[in-house]
Amino acid sequence: MAGWLFGLLAVGMIVFMVLHFGDLKSFGRMLQSAQPLWLVAAAGLQVLTYASVSMGWKLVLDRAGAPLPLYRLLPVALSKLFADAMIPAAGMGGNLLLVNRLVKLGVPRGAAVAALLISMMGYYTVFALFALAMLFLLWIHGKATPLLVGVVTTFLLVALAIPSMALWLRRRGSHPLSPFLERIPVVSSLLHVVGEAPARLMADRRLILGVGVCNGVIFLADSATLQVCLFSLGHPVGYSTAFIAMMGASILAALAPLPLGLGSFEAGSTAMLSILGVPLPAALAGTLLLRGFTLWLPLLPGLVMMRGAPRRKPHGRRPHRAAE
C-alpha cells in the first residue's frame, strides 16, 4: 500500500508541476487533438512488442524440442504483463506465471524454465547495452551529468546481478542457501526453478543472442511508440530523443521499488524529454499516452487471459503443433 501511495504522490507531483508552470488549456487541447492515425501506429508498434517477446520464448522452445505456435504464446505474454503489474516481486510474479502457463500448454517444465532464464538473460543484457547507448547519446547532446552517469552505473550493477544470480543458483543446484539469502524474494523465487533448465540450452550462445535480439526489438518499438505519441500531439521529436526518454524512464522504474513503476516511469520520461527541449506539458502528455498503450490498455486483456488459462494437459500426450 505504501508503494502505491508513493507512486500516486509522484504522479500528483508531475501533474502539479504542469499545472503550475505549464498552460492547462494547452495541455488539455493536446490530449483531445491527438491524431488518430498516429495512435493506430502506436497500437501496431505495441503488437510488435508482444510478438517479439513471444518469439523469444518460441526460439527457446523450438530448440528444446517443445515447439508452440506464436499465436498460443501471445496470450501468455499479455497475462505475464498483468502478473508483473499486479504481483511485482521484482518481476518474478510474471516470470513464475510464465513457467506455469507454458507447462499447462504441454511444454516440459525444464524447457519452460529455460525459456524463463534465457529470456531474463537476453532482456537484461540488451537493457544494459541500451542503457550505455542512452548514456552515449546524452553525452552527444551535452546532457550526461554526473547524476545521470551514477544512476546508469547503479542500474548496470543491478542488470548484471540478476542474470548472474540465476546462473549461480543453477550451478549451485539443490544445495541450501543461507537463511538470509533465502528470505530475499527474488532469490527464493529463482531457487525453486533454476535447477530444472537443461544445461545445453543455457550454454547455447546463438540461442541467447537470438532471444536478446527479440528483447532489443521491444525496447526499440517502445521508443518508437513514444515518438509516435508525441507526433500525434503535434510535437515531433527525433528518434534519439524518444529513445533516451524511454530508456531513462525504464531505468528509473527498474530501480524504484514501486508497483507498475507507477510515478517513477512517468517522472523519468517527462524529465528526460524536458531536458532534451520538449515543452513540459507535451512531455507529460506524450508520456501518459505511451503508458496508456504499454500498460493500462493491455491490463484488461491480460486479466482475461489469466482467467482463461489453459488446463494442464495429461502426462504422456504431445502438445498439438498447429500449422504456422
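Throughout this description, residue numbers start from 1 for each chain and increase along the sequence as written. Where totals are concerned, whole chains, interfaces and linings use all residues; where local detail is concerned, this predicted model gives features only for residues with pLDDT of at least 70, and gives and counts side-chain atom pairs only at 80 or more. Heavy atoms from the whole structure form the basis of all side-chain values; hydrogens and water molecules are not counted.

### Points about the layout of surface pockets
Of the pockets and cavities examined, the second largest pocket occupies roughly 250 Å³. Detection works on a 1 Å grid of protein atoms alone, calling trapped sets that fit a 1.4 Å probe cavities and calling open sets with protein on both sides within 12 Å along at least five of seven lines pockets, with lining residues defined by an atom within 4 Å of a point. In terms of lining residues, the second largest pocket is bounded by 15 residues, among which L148, V151, G248, L252 and M272 are the most central. To qualify as a helix, a DSSP run of H or I must reach at least 4 residues; to qualify as a strand, a run of E must reach at least 2; elements of each kind are numbered from the N terminus. Residue assignment for the lining of the second largest pocket shows that the elements contributing at least two residues are α7 (146–172), α12 (239–255) and α13 (264–275). The element contributing the most residues to the lining of the second largest pocket is α13, with 5 residues. Polar here means any residue outside two lists: the nonpolar Ala, Val, Leu, Ile, Met, Phe, Trp, Tyr, Cys and Pro, and the charged Asp, Glu, Lys and Arg; Gly therefore counts as polar. Residues of the lining of the second largest pocket, tallied by class, amount to 12 nonpolar, 3 polar and no charged. Grid points are joined across faces, edges and corners, and a volume is the space filled by probe spheres set on the points.

### Structural notes on the environment of A131
Secondary-structure assignment places A131 in helix α6 (residues 109–140). In this structure the C-alpha to C-alpha distance between A131 and I251, which are 120 residues apart in sequence, comes to 7.7 Å. Any two residues whose heavy atoms approach within 4.5 Å at even a single point are treated as in contact. Dropping the residues within four chain positions of it, A131 is found in contact with V152, F155, L156, M247 and I251.

### Here we look at the side chain of T270
Mapped onto the fold, T270 is located in helix α13. Within 3.5 Å is the distance limit for a polar contact, defined as a pair of N or O atoms, with the added protein rule that one can donate a hydrogen and the other accept it, and that residues adjacent in sequence qualify only through two side-chain atoms. Within the structure, the side chain of T270 is placed 2.8 Å from the backbone oxygen of E266, a separation counted as a polar contact.

### So, the packing of aromatic side chains
The aromatic pairing rule takes the rings of Phe, Tyr and Trp, using the six-membered ring of Trp, and pairs them if the centres are within 6.5 Å, calling planes under 30 degrees apart stacked, those over 60 edge-to-face and the rest tilted. One pass over the full model with this rule turns up 10 aromatic pairs. A ring pair is formed by Y123 and F127, whose centres lie 5.5 Å apart and whose planes are at 70°; its orientation type is edge-to-face. Of the two residues, Y123 and F127 are both situated in helix α6; the distance of 4 residues between them amounts to about one turn of the helix. Judged by its relative accessible area of 31%, Y123 is partly exposed. Assessed through its relative accessible area of 1%, F127 is described here as buried. Ring centres of F130 and F219 lie 5.9 Å apart, and the angle between their planes is 80°; this geometry places the pair in the edge-to-face category. On the criterion of sequence distance, the pair formed by F130 in helix α6 and F219 in helix α11 (residues 205–232) is long-range, its members being 89 residues apart. Neither residue differs from the other here; F130 and F219 are each classed as buried. Following the ring pairs from residue to residue traces out a cluster consisting of Y123, Y124, F127, F130, F155, F219, Y239 and F243. Only protein chains enter the calculation, and the probe is 1.4 Å; a residue is then buried if its accessible area is under 20% of its type maximum, exposed if over 50%, and partly exposed in between.

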